[in-house]
Amino acid sequence: MLKETTSLAQQKLANYTRTGDSTGLTEARLERIPQYRRLVYNVIKDILGQAFPITKKILGNEDFFNLCNDFFKEHNCKNTQVWKMPKELIDYVNDENSAYKLAHTFLPELLLFEWLEIEIHTMTNIELPKLYKIDSIAQPYFVNPYHKLIVLQHPLHNKPFKQWNTNLGQYPILIYRNLRTHKVHFEELSIFGYLFLSELQSNSTRLFESTLVNTLSAQNVAITDAQILSSLAWLKELNKKGIVFSV
Amino acid sequence: MENKNLKSLAASALALGALGLIANPASAENLFTSTDLGTGAELRSDVLGLNDAAPSIFNNTDIELKCGEGKCGEEKKAEGEQAEESKTGESKCGEGKCGEEKKAEKKAEKTEGESKSGEHKCGEGKCGM
């Protein structure tokens, strides 16, 4: 257990490294403590810069480092693991009073888009059932558990940022970790592809038939033979990519 | 087996249609599509490329590159490589970034792979190692 005075001195130093406010730091040598702040801030800045290189490029170094500085100063990080800190930047920017969100409406989405690569890469390994090639629609299906489905409003993935706000829409994206290589992949889906995979995850039977019927009927779309065949062909493609399997 | 299930599926569709749950019988055939955007590193590189400033013949950077000093090709290449691949690796501490050590860091980053994750260093003692 730390002495109360030591703990207090540590808290003051920690507060100084975050805010730059040296008030009350009577025990420290004021000509030297800026080095502590510089060291800690550089770590923060570098971690965020590595996690969000696209954001850094879009905002430019000056704005990005201002964002890092404001985040470090104003946000009380909760995570004890430093690699999870970038996720907290998203929470900070998502705050309803965030000037950054008001200035750059795409920012929360862009940060999330970049963060999910880290999150999926670091998902905890779980024991998987025996997985098979899709060659029958009678077997239940299994979606690669290391994935996230998101719908972007801005076309971050295929348009220059100057066109993001003028091309608002729905851009469903699947982000998944390859089971063999462990690399994170991105896949742009059609809306129905997105709905099918979402339904497949929540459908208790995980059967092709009920999933397809539920997906299409929810959108008031009739099922045709051609659709059945094309959706099966699409699922086989996803199977080859390691996204959906038979179990 | 598959045919039997497909027939059953078509029957389900007909049943839903009969119940009036399907309002629009006409529909496009290829509703289910997907496009591979590549791995995280590939997509990042593409997006960064999309957002590069358009080159201009009057661009000062271009003019600067032609003289013997300032930004030589080596340095520019290293910067580019870092932008595309450096997500991975370990965050560096605040010291020792100039000269030799910086070069060593970049080399290390390149060999660490493509993923953004990985361990980040604390502010002390790990730089240049």
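## Notes on the pairing of strand β3 (residues 171–177) of chain A
Here's step 1: Where burial is concerned, most of β3 of chain A is hidden: seven out of the seven residues are buried.
Here's step 2: Adjacent in sequence and paired antiparallel, β3 of chain A and strand β4 (residues 184–189) of chain A are bridged by six residues, among which H182 of chain A carries a positive phi angle near 65 degrees.

## What about the nonpolar core?
Residue and element names in this part refer to chain A.
Here's step 1: In this structure, L48, F52 and L89 are the most contacted members of the largest nonpolar core, which totals 43 residues.
Here's step 2: Top contributing element to this core by residue count: helix α7 (residues 107–121), with eight residues.
Here's step 3: Of all hydrophobic cores here, the second largest spans 27 residues; its members include Y176, F208, I228 and V244.

## Some points on the pattern of salt bridges
Here's step 1: Applying the stated criterion across every chain yields a total of seven salt bridges over all chains.
Here's step 2: The shortest N-O distance in the salt bridge between D52 of chain B and K57 of chain A comes to 2.2 Å. Of the two residues, D52 of chain B sits in the loop between α2 (40–50) and α3 (60–66) while K57 of chain A sits in helix α3 (residues 53–59), which places them in two different chains.
Here's step 3: Between K241 of chain A and E187 of chain A there is a salt bridge, and its shortest N-O distance comes to 2.5 Å.

## Section: the domain arrangement of chain A
Here's step 1: Entries for chain A in the domain assignment read domain 1 (1–106) and domain 2 (123–247).
Here's step 2: The gap between the C-alpha centroids of domain 1 of chain A and domain 2 of chain A is 38 Å.

## A look at the pairing of β4 of chain A
In regular strands, side chains alternate between the two faces of the sheet.
Here's step 1: Most of β4 of chain A is tucked away, with six of its six residues classed as buried.
Here's step 2: By the alternation rule, side chains of β4 of chain A split into V184, F186 and E188 of chain A and H185, E187 and L189 of chain A, which are all buried.
Here's step 3: Relative to β4 of chain A, β3 of chain A is paired through five bridges, and the arrangement is antiparallel. Bridging from a neighbouring strand, L174 of chain A pairs with E187 of chain A of β4 of chain A.
Here's step 4: Of the pairings in the sheet, the one linking β4 of chain A to strand β1 (residues 34–39) of chain B comprises five bridges and is antiparallel in character. Within β1 of chain B, the residue paired with E188 of chain A across the bridge is T35 of chain B.

## Things to note about the packing of aromatic side chains
Here's step 1: Applying the stated criterion to the full structure yields 13 aromatic pairs over all chains.
Here's step 2: Each ring, one from W83 of chain A and one from W115 of chain A, has its centre 6.2 Å from the other, and the planes form 15 degrees; the classification is stacked. Residue W83 of chain A is found in the loop between α4 (61–74) and α5 (85–94), and its partner W115 of chain A is found in helix α7; the two are separated by 32 residues along the sequence.
Here's step 3: Take W115 of chain A: its relative accessible area is 3%, and that puts it in the buried class.
Here's step 4: Ring geometry for Y141 of chain A against F208 of chain A: centres 6.4 Å apart, planes inclined by 55 degrees, an arrangement best described as tilted. Of this pair, Y141 of chain A sits in strand β1 (residues 141–143) while F208 of chain A sits in helix α9 (residues 208–218); the two residues are 67 residues apart in sequence, bridging distant segments of the chain.
Here's step 5: These aromatic residues form a ring-pair network of at least three members: Y141, F192, F196, F208 and W234 of chain A together with F32 of chain B.
Here's step 6: Stacked on the ring of F65 of chain A, the Lys or Arg K45 of chain A has its end atom at 4.8 Å from the ring centre.

## Some details on α9 of chain A
Here's step 1: Of the positions making up α9 of chain A, those classed as buried are F208, T211, L212, V213, T215, L216 and S217 of chain A.
Here's step 2: Positive backbone phi, at 60 degrees, marks N220 of chain A, one or two positions downstream of α9 of chain A.

## With respect to the environment of H157 of chain A
Here's step 1: By the element assignment, H157 of chain A lies in the loop between β2 (147–152) and β3.
Here's step 2: With 149 residues separating them along the chain, H157 of chain A and L8 of chain A place their C-alpha atoms 47 Å apart.
Here's step 3: Ignoring any residue separated from it by four or fewer positions in sequence, one finds H157 of chain A in contact with F113, L152, Y171, I173 and E188 of chain A together with L37, L43, V47 and L50 of chain B.
Here's step 4: Of note is the side chain of H157 of chain A, whose polar atom sits 3.3 Å from the side chain of N158 of chain A.
Here's step 5: For H157 of chain A, the side chain forms a polar contact with the side chain of E188 of chain A, separated by 3.1 Å.

Cut-off values and rules
Residues numbered from 1 in each chain as written. Chains lettered and ligands numbered in written order. Predicted model: local features only at pLDDT ≥ 70, side-chain atom pairs only at ≥ 80, totals over all residues. Heavy atoms only, no water. Buried < 20%, exposed > 50% of the residue type's maximum accessible area, 1.4 Å probe, protein only. Helix = DSSP H or I, 4+ residues; strand = E, 2+ residues; numbered from the N terminus. Pairing = 2+ DSSP bridges. Core = buried A, V, L, I, M, F, W, Y, C linked by side-chain atoms within 4.5 Å. Salt bridge = Lys/Arg side-chain N within 4 Å of Asp/Glu carboxyl O. Domains from an automatic or database assignment. Phe/Tyr/Trp six-rings, centres within 6.5 Å; stacked < 30°, edge-to-face > 60°. Lys NZ or Arg CZ within 6 Å of the ring centre and 35° of its normal. Contact = heavy atoms within 4.5 Å. Polar contact = N/O pair within 3.5 Å; in protein donor to acceptor, adjacent residues only side chain to side chain.

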